[in-house]
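Results of the structural survey
Here is what each chain is made of, one letter per residue.
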Amino acid sequence: EIRQAAELLGFHELSKLSQFILDQHLLFDKGFMLQFHTSFPQRLREMCVERNLFADVTFDLDDGIHLAHRAALMARCDPMKAMFQGHFRESTSRVISFPGVKMYAFQILLCYTIL
């Protein structure tokens with residue numbers, strides 16, 4: 001399923017990596033792994049931060065709104081995980097208000113959490 005999703009989204013490196021795993025190749029090509037670890041985060045940043053594909057939450061910031069992905073934020077940031085999974089009102093909200101935060105700073109935060 002991961003390989004199919006990677007192919008549909010154009011993540012060629014992830015598709016190749018998942019095929020390696022399916023074929024049970026335990027020793028990966030070191031050049032490929034280096035390429036994977038540099039190109040994959042760039043592709044994630046492009047798709048998730050810059051183009052906001054598949055975003056499922058909106059953040060209302062001081063100078064505009066920014067879309068984001070709950071799963072990515074929860075996976076990489078414990079306070080976000082607590083906010084979205086806990087008994088906070090943000091766990092069920094589609095729009096989260098972040099007063100005092102500018103779009104530029106929030107975008108840097110997103111890039112940091114995704115990479």
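Further up the page is the structure itself.
Since the model is a prediction, treat every value here as computed from it, not as a measurement. (Residues numbered from 1 in each chain as written. Predicted model: local features only at pLDDT ≥ 70, side-chain atom pairs only at ≥ 80, totals over all residues. Heavy atoms only, no water.)

Proximity of charged atoms lets side chains of opposite charge pair with each other. According to the stated counting rule, one finds three salt bridges in the structure shown. Across the salt bridge formed by R45 and E50, the nearest N and O atoms sit 3.6 Å from each other. Note on R45: relative accessible area 28%, which makes it partly exposed. Here E46 makes a salt bridge to R51, at a shortest N to O gap of 3.4 Å. (Salt bridge = Lys/Arg side-chain N within 4 Å of Asp/Glu carboxyl O. Buried < 20%, exposed > 50% of the residue type's maximum accessible area, 1.4 Å probe, protein only.)

Further remarks concern the packing of helix 2 (residues 12-22) against helix 3 (residues 30-50). Direction vectors running N to C along helix 2 and helix 3 enclose 135°, while the axes themselves pass 9 Å from each other. Taken together, the axes of helix 2 and helix 3 are oblique relative to one another. By crossing handedness, the relation of helix 2 to helix 3 is classed as left-handed. In this structure, helix 2 uses H12, E13, L14, K16, L17 and F20 to contact helix 3, whose residues at the interface are F32, M33, Q35, F36, S39, F40 and R43. (Axes fitted to C-alpha atoms, helices over the stretch in contact; angles between N-to-C directions. Helix = DSSP H or I, 4+ residues; strand = E, 2+ residues; numbered from the N terminus. Parallel < 35°, antiparallel > 145°, perpendicular 65-115°, else oblique. Left-handed = near helix turned anticlockwise from the far one by under 90°. Contact = heavy atoms within 4.5 Å.)

Along the polypeptide, S18 turns up in helix 2. S18 sits in the buried class, given a relative accessible area of 10%. Looking at S18, its side chain comes within polar contact range of the main-chain oxygen of S15, at 2.9 Å. (Polar contact = N/O pair within 3.5 Å; in protein donor to acceptor, adjacent residues only side chain to side chain.)

Everything listed is a geometric property; what it means functionally is a separate question.
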